[in-house]
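Chain by chain, the residues:
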Amino acid sequence: MSQYHPETQAIIGGRPDRAPGAAVNGGIQLSSTFYVGGENNYGRYNNETWQDLEAVLGKLENGQALIYASGLAAVTAALDLIPGGGKFVIPTASYLGTGALIAELEKKGRVKPIWVDITKTDEVIAALDGAQMLYFESPTNPLLDVAEVQKFIDAARMRKILVVVDNTFATPLNQKPLDMGADVVIHSLTKAISGHSDILLGTAITKSADLYEKLLVHRKFHGSIAGPFEAWLALRGVRTFPLRLRQASESAAILVERLKKDPAISRVRYPGFGFMISIEFHGGAVAADKALAAAKIWSNATSLGGVESLWERRRLHPEEPDTVPESLIRMSVGCEHVEDLWSDLAQALLSSGK
Ligand SMILES: *Cc1c(COP(=O)(O)O)cnc(C)c1O
């Protein structure tokens with residue numbers, strides 16, 4: 001099936017065989033146990049609904065996918081690929097939940113992170129010597145910096161270091177890290193791939209049979225498994241993921257041009273693709289908070305990638321580092337009509353100066 005476009009892969013994958021009378025859409029497998037002698041055995045090991053979703057995800061990233069209870073559960077599984085106390089390189093500009101998890105593990109002596117600035121390519125590469133893993137995201141959250149992904153992957157491979165890329169912000173439609181040589185790709189499926197802000201789920205995807213086996217063993221015995229209903233909702237969501245992404249990205253590009261001209265805004269950050277934008281205000285955090293309060297379509301809430309447009313001031317999260325400007329609002333553009341999104345933004349930005 002790999003000759004098809006992602007729009008098609010997202011729709012045709014993970015369905016029952018085309019037998020006369022068979023269902024076109026798979027069901028939700030809720031049974032925790034299965035008769036002896038078949039492929040399925042126990043619900044913590046395997047589940048048909050998971051497999052339907054995994055089939056689609058694997059096609060989108062060109063690898064074999066495993067789903068987990070959340071994005072962070074997938075991150076945990078990936079970190080478990082290196083030995084306890086293992087040294088790994090990670091940028092300070094990482095998802096704040098990932099950063100908080102790693103800080104926790106470090107306190108217990110489970111990992112040794114080496115924190116780097118992802119925008120300083122030479123610094124990142126120099127830090128790789130003696131490390132066991134390079135873990136990064138690009139574009140970064142919430143500054144939306146774009147890393148030199150191919151250079152990092154090549155430098156890590158030369159040193160035989162595992163490369164794990166969190167591809168949640170880029171999505172497989174804009175960047176395929178496994179094809180660039182990365183070992184494992186992580187997604188928070190909670191975001192654009194499921195796309196409706198109504199479930200939490202994650203995935204780890206790899207081309208390596210050996211890593212797949214290790215990730216599978218982690219899931220089986222750490223128990224970070226997805227509920228079948230969540231898996232089914234994500235499968236329903238992924239069918240429209242390419243369409244939603246195209247709409248949201250098209251709208252984002254239009255909004256970026258208008259935001260750049262808005263007198264309330266001092267800086268617009270946009271990686272040049274995708275649905276995420278970050279803005280800063282001449283009037284500081286006070287102006288940003290006024291804008292957030294004045295919006296009627298944009299919802300002041302965290303998370304991203306849903307059909308509904310969300311925005312939030314990031315420094316309200318106590319874990320957000322002070323490298324993130326006080327007034328920075330991160331925007332996740334949804335699928336509402338772009339002119340409605342703009343008129344709501346325009347009036348909210350106007351109230352921010354009052
Ligand atoms: C949300 C997010 C995660 C964590 O995913 P959860 O599903 O919330 O556990 C990890 N990485 C990135 C980039 C995210 O945006």
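The shown structure was predicted, so the numbers you read here are calculated from the model rather than taken from an experiment.

### Remarks on the sheet that holds strand β1 (residues 64–68)
And then number 1: Strand order in the open sheet made by the seven strands is β1-β7-β6-β5-β4-β2-β3, with mixed pairing throughout. Lying at the two open borders of the sheet, with one neighbouring strand each, are β1 and β3 (111–116). Across the sheet, the mean angle from the axis of one strand to that of its neighbour is 20 degrees, orientation sign disregarded.
And then number 2: Of the pairings in the sheet, the one linking β1 to strand β7 (residues 202–206) comprises five bridges and is antiparallel in character. Along β7, the bridge assignment pairs alanine 65 with isoleucine 205.
And then number 3: Against the sheet, helix α2 (residues 48–61) touches β1, β6 (184–188) and β7, its axis set at about 130 degrees to β1.
And then number 4: Docked against the sheet, helix α7 (residues 209–222) engages β1, β5 (162–166), β6 and β7, running at close to 15 degrees with respect to β1.

### Description of the domain arrangement of the protein
One widely used convention gives an interface's size as the accessible area the parts lose upon coming together.
And then number 1: Along its sequence, the protein is carved into domain 1 (6–239) and domain 2 (242–351).
And then number 2: Between the C-alpha centres of domain 1 and domain 2 there is a distance of 27 Å.
And then number 3: Contacts between domain 1 and domain 2 engage 26 residues on the former and 27 residues on the latter.
And then number 4: Three residues stand out in domain 1 for area buried against domain 2, namely Leu96, Pro142 and Leu143, and they jointly supply 27% of the buried area on that side.
And then number 5: Our count for the domain 1 to domain 2 interface comes out at one salt bridge.
And then number 6: As a salt-bridge pair, arginine 246 and glutamate 7 come within 3.2 Å of each other at their nearest N and O atoms.
And then number 7: If you look at where domain 1 meets domain 2, you find eight residue pairs in polar contact (both at pLDDT 80 or more).
And then number 8: Among the secondary structure elements, those contributing two or more residues to the side of domain 1 that touches domain 2 are α1 (6–12) and α8 (228–238).
And then number 9: If one sorts the elements of the side of domain 1 that touches domain 2 by residue count, α1 sits on top with three residues.

### Side note on the site of the ligand
And then number 1: Leu72, Asp166, Ser188, Thr190 and Lys191 are the nearest of the 14 residues found near the ligand.
And then number 2: Residue leucine 72 places a main-chain N or O atom 2.9 Å away from an oxygen atom belonging to the ligand.
And then number 3: The contact in question runs from an oxygen atom of the ligand to an N or O atom on the side chain of threonine 190, over 2.6 Å.
And then number 4: A total of 380 Å² of accessible area belongs to the ligand in isolation, and the protein chains cover 94% of it.
And then number 5: Of the pockets mapped on this structure, the ligand occupies the largest pocket.
And then number 6: Partitioning the shell around the ligand into residue classes produces six nonpolar, five polar and three charged.

### A few points about the layout of surface pockets
And then number 1: Quantified by volume, the largest pocket comes out at close to 370 Å³.
And then number 2: In the lining of the largest pocket, the residues fall into nine nonpolar, 11 polar and six charged.
And then number 3: The residues that make up the lining of the largest pocket include at least three from each of domain 1 (6–239) and domain 2 (242–351).
And then number 4: There is about 240 Å³ of room inside the second largest pocket.
And then number 5: Taken together, 17 residues make up the lining of the second largest pocket; nearest its centre are Asn46, Gln51, Glu54, Ala65 and Tyr212.
And then number 6: Residue assignment for the lining of the second largest pocket shows that the elements contributing at least two residues are α2, β1 and α7.
And then number 7: Residue composition of the lining of the second largest pocket, by class: six nonpolar, seven polar and four charged.

### Structural notes on empty space enclosed by the protein
And then number 1: Following the criterion strictly, the structure yields two cavities of 30 Å³ or more and no others.
And then number 2: Estimates place the volume of the largest cavity at around 70 Å³.
And then number 3: Lining the largest cavity are Ala192, Arg244, Leu245, Ala248, Phe275, Gly305, Gly306, Val307, Val333, Gly334 and Cys335.
And then number 4: Split into classes, the residues belonging to the lining of the largest cavity amount to seven nonpolar, three polar and one charged.
And then number 5: Each pocket or cavity is described by its volume, and for the second largest cavity that value is around 40 Å³.
And then number 6: Pro139, Leu144, Phe169, Pro271, Phe273, Gly274, Phe275 and Met276 together form the lining of the second largest cavity.
And then number 7: Looking at the lining of the second largest cavity residue by residue, the class counts come to seven nonpolar, one polar and no charged.

### Side note on the side chain of asparagine 46
And then number 1: With respect to the helices and strands, the residue asparagine 46 is situated in the loop between α1 and α2.
And then number 2: Looking at asparagine 46, its side chain comes within polar contact range of the side chain of glutamine 51, at 3.2 Å.
And then number 3: Residues within four places of asparagine 46 in sequence aside, it is in contact with Phe34, Glu39, Asn40 and Gln51.

### Structural notes on unusual backbone geometry
And then number 1: In the segment running from serine 138 into proline 139, the intervening peptide bond is cis, with an omega of -5 degrees.
And then number 2: Within the fold, proline 139 resides in the loop between β4 (133–137) and α6 (149–158).
And then number 3: Going from asparagine 141 to proline 142, the amide bond is cis rather than trans, its omega being 0 degrees.
And then number 4: Structurally, the position occupied by proline 142 is in the loop between β4 and α6.
And then number 5: Although it is not a glycine, leucine 144 sits at a positive phi angle of roughly 60 degrees.
And then number 6: Locating leucine 144 in the fold gives a position in the loop between β4 and α6.
And then number 7: Given the relative accessible area of 5%, leucine 144 is considered buried.
And then number 8: Despite not being glycine, serine 197 has its phi angle at roughly 50 degrees, a positive value.

Calculation rules
Residues numbered from 1 in each chain as written. Predicted model: local features only at pLDDT ≥ 70, side-chain atom pairs only at ≥ 80, totals over all residues. Heavy atoms only, no water. Pairing = 2+ DSSP bridges. Helix = DSSP H or I, 4+ residues; strand = E, 2+ residues; numbered from the N terminus. Axes fitted to C-alpha atoms, helices over the stretch in contact; angles between N-to-C directions. Contact = heavy atoms within 4.5 Å. Domains from an automatic or database assignment. Buried area = accessible area lost by both parts, 1.4 Å probe. Salt bridge = Lys/Arg side-chain N within 4 Å of Asp/Glu carboxyl O. Polar contact = N/O pair within 3.5 Å; in protein donor to acceptor, adjacent residues only side chain to side chain. Near = heavy atom within 4 Å. Areas by Shrake-Rupley, 256 points an atom, 1.4 Å probe, with all protein chains shown as cover. 1 Å grid on protein atoms, 1.4 Å probe; cavity = no way out; pocket = protein on both sides within 12 Å on 5 of 7 lines; lining within 4 Å. Sits in = over half its atoms within 2 Å of the grid points. Nonpolar A, V, L, I, M, F, W, Y, C, P; charged D, E, K, R; others polar. Points joined across faces, edges and corners; volume = space filled by probe spheres on them. Buried < 20%, exposed > 50% of the residue type's maximum accessible area, 1.4 Å probe, protein only.

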